[in-house]
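# Examination of the molecular architecture
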Amino acid sequence: MDPLASINPYVSLKDGSQLGHVYEKLPAKSARFLRYKGTEQPSGSSESIIIFDFEIHDVATIKSQYSALSYTWGHPVLDNFKDDLSHTVICNGQRMPIGLNLHDALQHIYVESDIAPPLFWVDAVCINQSDLAERSAQVALMTSIYFNAANVVVWLGKDDEDAREAYSLLSEYTPALKQIALDPFSATADGGIRAGAINLYDDAELHERYSITARSMDSWTALVKFFSRRWFGRIWIVQEMVFNQSHLICCGPLRFDWRDLDLFVSLVFGAQWHGLSFRGLERETLRIAYVFTFHREIRLAGTEYLDNDPHLGRLSPEQQLYEVAQGYLISSATLEATDPRDRVYAVTAFVNSFAARVQIKPIWLRADYSLQTAEVMLRTAQLLLWKTRSLKMLSYVSDLSCRAESDLPSWMPHFHIPGAVAAVESLLDMHQGAKYHASSLSTTVPTLADVYLHMDSAGQELEALAFQLDTVERVIHFDDGLLPLLEVCLELPLEYANGQPPVEVLWRTLIAGRTDTSFPAPAETASEFATFVKSGLIGIALPALAAGDRELLTKLIVLLGDIAARCPHPAVPTPEAFSEILSAVMADLEGCLRMLTGLYATLTYRTMISPTHAGQKGKALVRTEKGYLGLAPYSTMSGDEVWLLKGANLFHVLRGAESGSAEASKVLLGEAYVHGFMEGEALRLDGMTYGPVTIK
């Protein structure tokens, strides 16, 4: 019995004796194909039933003689759609139930258009979904099926108003984008265009230069909804598109080109989304960018691009293979799979492809749908830890408050649950994040992790050599506002562990020590922090004045006075300086509001902070008992411990057993940044020695 048969709508329908004779046993490396025979018009129905015969062919010997369908099993737009599979096709004389979206695809391809491939491969029909052994074998053959197809017909679903508006916008803007890409005025110093750097939304100069029409927010929202169609987010479509370069993308009668879509997303997403309200679709815009980025990563992995990666260059070919495989799992974390085990099985072809490049015979799980989901995920995580000798995986566990209840260990990301991998807010994935080397004195000579997996234990515990740096004493969340963040300056030593003053320690910590282009952040970044503080203080003072909240205003002025007296810094105004700022604001409220709006949309410091508190829960600011400042998982509490695991590039926050418990193992909350200790400084502390710690 398939443990997840309930989520595969075709299993129960094909499990009956009425379809048993339709599916003959498949020889090795062979697949069933649909031979189009025409249509049948049932009496009293306006809809034609399409007739096919099954043909079995060796996939390699029938190369370029068939087409393959790429689509989504459920509704093309709606997530919570219960498909009753009330539509049918006829195969080998037998009526076979199919879902709504597949029915719409076949009707369009064979009845409404001239596409009509004579020989067609469609997974839901050509694979006996109730036969676990056949499903596993056909999944293993999927790469060959798509690679050998003459072309891939992509069905996004029927067109609607949003799709038509998106088509109109893309048809006008894509040719202009191609011109912009060739225009020297838009290039960066190295001759390229920074991803997400072209603002087609409201850049009037750009519109005039390339004769394109400004579109309304409704048009851009329609585009986001189009890209949010479920097909784009399916994990299997990546190999369907990568291993066959001939695509026909259909949304009803509309036709799209994948290369044009990829160009648009890569050059545009980022700039005009920034600071604009997409009516609750902000997460969708982020997911769209991640989907297309993953496609590009897979394509680039098959080229010489990764040969220039300095990090991979320091690894052995085997370590490179499993580092890349781990990256595939993490990068595909936002994609959807009907069967969660496919989150591992769907990247098999990419792992094998990269293994061939580095001439390594890979160890990877074969598709086996008799295995439980937890077993597939745990085996994969153990394999990656063992082969990479890296603790990078631990940075991708989601916050404790977002973690689904599971028997899986706390150190393992939930790869099988879409959105449950903390890829968006990982410190490692921020600009310059790869430069952290907390447990090594150099990025060029990394320290390998020293871990032992207790695979025979009930909790699949991980034992590592580690050093406890300190214990958390105070936690401040970003949604608590600006004042609690500034109050920390009064709690830090006047001279931090690295000699920096409190305000500098704060502004550097809030951006995890880096900018988009530098680590450590250059000193001039303090001016960006000053603007951030000024706009934040105005944003607090104006509503307080309007509400007559004297208590809040007094608290603000006292705090500024205390900072000025104890640890003055140009980035934090004195009470007198802020009074002057406020007087100027009150004299021109409309101008002030315009200024604040502009600052919110363009302030570089705000965008540097955002990765540390975006995503599921993001990070919290923490102060330790010894006066260290850092960023830690949102769910961190006073008493949690900050550890440096040998071989880790960052710190990790662990939670011990409850008081009075004999339990020695700890729970991993997630990664952490500790200011002043991200370049191996902890290794020089007096008495620093590694000892064993067990994470359950």
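Throughout this document, residue positions are counted from 1 along each chain, in the order its sequence is written. Residue-level local features of this predicted model are given only where pLDDT is at least 70; pairs of side-chain atoms are given and counted only at 80 or more, and the full residue set underlies all totals for whole chains, interfaces and linings. Water and hydrogen atoms were dropped before computing side-chain values, which therefore reflect all heavy atoms in the structure.

## Some details on the confidence of the model for the protein chain
Quick reminder of the rule: Confidence of the prediction at every residue is given by pLDDT, a number between 0 and 100. What makes two residues a contact is simply this: any of their non-hydrogen atoms within 4.5 Å.
Looking at the protein chain as a whole, its pLDDT mean stands at 85, while 87% of the residues score no less than 70. Within the model, the stretch residues 1–7 combines pLDDT values under 50 with 18 contacts to residues more than four positions away or in other chains. This stretch, residues 271–276, has a pLDDT under 50; its non-local contacts, to residues over four places away or in other chains, come to 19 contacts.

## A look at the pattern of salt bridges
Cut-off, in case you're wondering: The term salt bridge refers to a side-chain nitrogen of Lys or Arg lying within 4 Å of a carboxyl oxygen of Asp or Glu. Think of it this way: any DSSP run of H or I at least four residues long counts as a helix, any run of E at least two long counts as a strand, and we number them from the N terminus. Burial status follows relative accessibility: with a 1.4 Å probe on protein chains alone, a residue under 20% of its type maximum counts as buried, one over 50% as exposed, and anything between as partly exposed.
Throughout the structure, instances matching the rule amount to 27 salt bridges. Here Glu 205 makes a salt bridge to Arg 209, at a shortest N to O gap of 3.6 Å. Residue Glu 205 and its partner Arg 209 are both found in helix α6 (residues 204–209); the two are separated by four residues, about one turn of the helix. In this structure, the salt-bridge partner of Lys 619 is Glu 671, at a minimum N-O distance of 3.2 Å. Of this pair, Lys 619 sits in strand β12 (residues 619–624) while Glu 671 sits in strand β16 (residues 667–674), placing them 52 residues apart in sequence. Judged on exposure class, the residue Lys 619 and its partner Glu 671 are both buried. One salt-bridge network, held together by shared partners, links Glu 473, Arg 474, Glu 487, Glu 491, Lys 555 and Arg 623.

## Quick notes on unusual backbone geometry
Omega for the bond connecting Phe 519 with Pro 520 falls within 30 degrees of zero, at -5°, which places this linkage in the cis form. Tracing the backbone shows Pro 520 in the loop between α17 (502–510) and α18 (525–547). Of note, the phi angle at Asn 92 is positive, near 55°, even though the residue is not glycine. Within the secondary structure, Asn 92 sits in the loop between β4 (87–91) and β5 (94–98). Of note in the backbone geometry, Ala 512 takes a positive phi value of approximately 55° without being a glycine. Within the fold, Ala 512 resides in the loop between α17 and α18. Exposure remark for Ala 512: the relative accessible area of 0% places this residue in the buried category.

## Considering the environment of Phe 227
Looking at where Phe 227 falls in the secondary structure, it is placed in helix α7 (residues 217–227). Looking at Phe 227, the relative accessible area reads 1%, which means it is buried. The sequence separation of Phe 227 and Thr 285 amounts to 58 residues, and the corresponding C-alpha distance is 8.5 Å. Other than its neighbours up to four places away in sequence, Phe 227 contacts Phe 232, Leu 261, Val 265, Phe 269, Arg 287, Ile 288 and Phe 292.

## Observations concerning the sheet that holds strand β1 (residues 30–40)
Selection criterion: Two strands make a pair as long as DSSP finds a minimum of two bridges between them. For helices, the fitted axis covers only the stretch in contact; all axes are lines through C-alpha atoms, and the angles between them, taken along N-to-C directions, range from 0 to 180 degrees.
If you trace the nine strands from one edge of the open sheet to the other, you get β5-β4-β2-β1-β6-β3-β7-β8-β9, paired in mixed fashion. Bordering the open sheet on either side are β5 and β9 (254–256), each of which pairs with just one other strand. Each strand of the sheet is rotated relative to its neighbour by a mean of 35°, with strand direction disregarded. Of the pairings in the sheet, the one linking strand β2 (residues 49–58) to β4 comprises two bridges and is parallel in character. Along β4, the bridge assignment pairs Phe 52 with Cys 91. Of the strands in this sheet, β1, β2, β3 (67–70), β4, β5, β6 (119–121), β7 (151–155) and β9 are in contact with helix α2 (residues 100–112), which crosses β2 at around 90°.

## A word on the packing of helix α5 (residues 161–182) against α7
How we decide: Comment on the angle field: the value is read as roughly parallel under 35 degrees, roughly antiparallel over 145, roughly perpendicular from 65 to 115, and oblique elsewhere. Ten residues, namely Ala, Val, Leu, Ile, Met, Phe, Trp, Tyr, Cys and Pro, are considered nonpolar, four, namely Asp, Glu, Lys and Arg, are considered charged, and the remaining ones, Gly among them, are considered polar.
Between α5 and α7, the least distance of the axes is 8 Å, while the angle of their chain directions is 105°. The angle between α5 and α7 falls in the class roughly perpendicular. Listed contacts from α7 to Asp 162, Ala 163, Glu 165, Ala 166, Leu 169, Leu 170 and Tyr 173 of α5 are Ser 219, Trp 220, Ala 222, Leu 223, Lys 225 and Phe 226. Across the contact of α5 with α7, the residue classes break down as nine nonpolar, one polar and three charged.

## Some thoughts on the pairing of β4
Judged by how many residues are buried, β4 sits mostly within the fold: four of five residues are covered. Alignment of β4 against β5, held across five bridges, turns out to be antiparallel. Paired with Cys 91 across the strands is Gln 94, a residue of β5.

## Quick notes on the pairing of strand β15 (residues 651–655)
Counting buried positions along β15 gives five out of five residues, so the element sits mostly inside the fold. Residue alternation in β15 divides its side chains into two sets, Phe 651, Val 653 and Arg 655 and His 652 and Leu 654, and both sets are buried. Of the strand pairs in this sheet, strand β14 (residues 641–645) and β15 are connected by three bridges, and their pairing is antiparallel. Paired with Val 642 across the two strands is Val 653, which belongs to β15. A loop of five residues connects β14 with β15, the two strands running antiparallel in sequence, and Gly 647 in this loop sits at a positive phi of about 95°. In this structure, β15 lies alongside β16, joined through five bridges in antiparallel fashion. Across the sheet, the residue bridging to Phe 651 is Ala 672, located in β16.

## Side note on the side chain of Ser 426
Quick reminder of the rule: Pairing of N or O atoms within 3.5 Å defines a polar contact, subject to two protein rules: one partner must be a possible hydrogen donor and the other a possible acceptor, and residues neighboring in sequence count only if both atoms are side-chain atoms.
Along the polypeptide, Ser 426 turns up in the loop between α15 (373–388) and β10 (451–454). The exposure class of Ser 426 is buried, given its relative accessible area of 1%. Reaching out from Ser 426, the side chain makes a polar contact with the backbone nitrogen of Leu 428 at a distance of 3.2 Å. A polar side-chain atom of Ser 426 sits 3.4 Å from a polar atom in the side chain of Glu 671.

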